[in-house]
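Architecture and fold: a report
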Amino acid sequence: MRNLASDTTAADTIPLKIVVYLGLIAVVLILAVQAWHTMNPVLEDAQIKAQVEAASLSIHSIQEGYARDSAESYSPEGTMCNLKFTFPASVKYISFGVDPDPECNGQLHDSEWVLENNTIIYQYKNGVKKRLFLKESRYTL
């Protein structure tokens, strides 16, 4: 029977196995980072779209609700909603019922704003502009 401490038949393959295993781990980590960079814009876009759709539902409920006296903001009569957004840094602006950058040149103050009723518009910093059309109601935004 052989002594375990004196058995060195596989000792020469240990460094090669370590290099191979570390290389495989590095490849898996690189693929995971690439997948994250690919999926991150898609996830951010879904998060933005969910927030804008929630805002459109709130706006629609206000449009179909009762008027509130603006002098008494804490009165129980009338419809009111609070909108809170947590957009990522890739969003340049969000607008309600108006297009502040009709030329898509990044300048919000160089031209007259274009009125677009029942529309929520948001633009990314890379210039992509998206619109969400609200359900038609008796009032316009």
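Here the residue numbers are simple positions, counted from 1 along each chain's written sequence. Local features in a predicted model are, by the rule used here, given only for residues with pLDDT of at least 70; side-chain atom pairs are given and counted only at 80 or more, and totals for whole chains, interfaces and linings are based on all residues. The basis for every side-chain value is the complete set of non-hydrogen atoms in the structure, without hydrogens or water.

Things to note about the pairing of strand β3 (residues 129-133)
One ladder, built from five bridges, connects strand β2 (residues 114-124) with β3; its direction is antiparallel. For Y122, the partnering residue across the bridge sits in β3 and is K130. When DSSP finds at least two bridges between two strands, those strands are taken to pair. Helix and strand assignments come from DSSP, with helices taken as H or I runs of at least 4 residues and strands as E runs of at least 2, each series counted from the N terminus. Between β2 and β3, which pair antiparallel and follow one another directly, the connecting turn spans four residues, one of which, G127, has a positive phi of 105°.

Section: the pattern of salt bridges
Criterion for a salt bridge: a side-chain nitrogen of Lys or Arg within 4 Å of a carboxyl oxygen of Asp or Glu. Within this structure, the stated rule accounts for four salt bridges. Linking K129 and D99 is a salt bridge whose minimum nitrogen-to-oxygen distance equals 3.1 Å. In this pair, K129 sits in strand β3 while D99 sits in strand β1 (residues 91-99), placing the two residues 30 residues apart along the sequence. The pair formed by K129 and D99 is uniform in burial state, with each residue classed as buried. Across the salt bridge formed by R131 and D99, the nearest N and O atoms sit 3.2 Å from each other. Here R131, found in strand β3, pairs with D99, found in strand β1; they are 32 residues apart in sequence, far enough to count as distant. Each residue gets one of three labels from its accessible area relative to the maximum for its type: buried under 20%, exposed over 50%, partly exposed in between, using a 1.4 Å probe on protein chains only. For D99, a relative accessible area of 3% translates into the label buried. Among the charged side chains, a salt-bridge network with shared partners connects D99, E116, K129 and R131.

Observations regarding helix α1 (residues 14-63)
Owing to its 3.6 residues per turn, the α-helix aligns residues three or four sequence positions apart on the same side. Expected helix span is computed as 1.5 Å times (number of residues minus one). Here α1 is 50 residues long and its end C-alpha atoms lie 72 Å apart, about the 74 Å a rise of 1.5 Å per residue gives. The principal kink in α1, of about 30°, is found at M39, preceding the proline P41 by one to four residues. When we look at burial in α1, the residues that qualify are I48, Q51, V52, A55, S56, I59 and Q63. Against the buried residues of α1 lie β1, β2 and β3. The angle between axes fitted to the seven residues ending at a residue and the seven residues starting there is what we call the bend at that residue. Throughout, a residue-residue contact means that at least one pair of heavy atoms, one from each residue, lies within 4.5 Å.

Here we look at the environment of Q51
In this fold, Q51 is placed in helix α1. Separated by 36 residues in the primary sequence, Q51 and F87 place their C-alpha atoms 8.5 Å from one another. Other than its neighbours up to four places away in sequence, Q51 contacts K84, F85, T86 and F87.

Details of the packing of aromatic side chains
Only Phe, Tyr and Trp rings take part, Trp by its six-membered ring, and two of them pair if their centres are within 6.5 Å. Stacked means planes under 30 degrees apart, edge-to-face means over 60, and tilted covers everything else. Counted by the stated rule, this structure contains three aromatic pairs. Ring centres of F85 and F87 lie 5.1 Å apart, and the angle between their planes is 15°; on these two criteria the pair is classed as stacked. Seen in terms of ring centroids, Y122 and Y124 are 6.0 Å apart; in terms of plane orientation they differ by 75°. Their pairing is edge-to-face.

Section: the confidence of the model for the protein chain
In this model, the protein chain carries a mean pLDDT of 82, and residues with pLDDT of at least 70 account for 89%. Across the protein chain, the element-wise mean pLDDT spans from 85 in β2 up to 90 in α1. Per-residue confidence from the prediction method is given by pLDDT, with values spanning 0 to 100.

As for a nonpolar patch on the surface
Nonpolar side chains collect at one region of the surface, where I14, I18, L22, I25 and L29 lie side by side and expose about 490 Å² of accessible area between them. Here I25 falls in the partly exposed class, since its relative accessible area comes to 49%. Patches here: salt-bridge-free residues with over 30% relative accessible area, like charges joined within 9 Å, nonpolar side chains (Val, Leu, Ile, Met, Phe, Trp, Tyr) joined within 5 Å. Calculation of accessible area relied on Shrake-Rupley with a 1.4 Å probe; when residues are assessed, cover is drawn exclusively from the protein chains displayed.

Brief notes about the sheet that holds β2
Strand order in the open sheet formed by three strands is β1-β2-β3, with antiparallel pairing between adjacent strands. The outermost strands of the open sheet, each flanked by one partner alone, are β1 and β3. On average, adjacent strands in this sheet sit at an angle of 25° to one another, irrespective of strand direction. Here seven bridges tie β1 to β2, and the two strands are oriented antiparallel to one another. Note that in β2 the partner of I94 across the bridge is Y122. Together, β1, β2 and β3 form the strand contacts of α1, whose direction differs from that of β2 by roughly 155°. Lines fitted to C-alpha atoms define the axes here, with helix axes fitted over just the stretch in contact, and angles between the N-to-C directions of these axes take values from 0 to 180 degrees.

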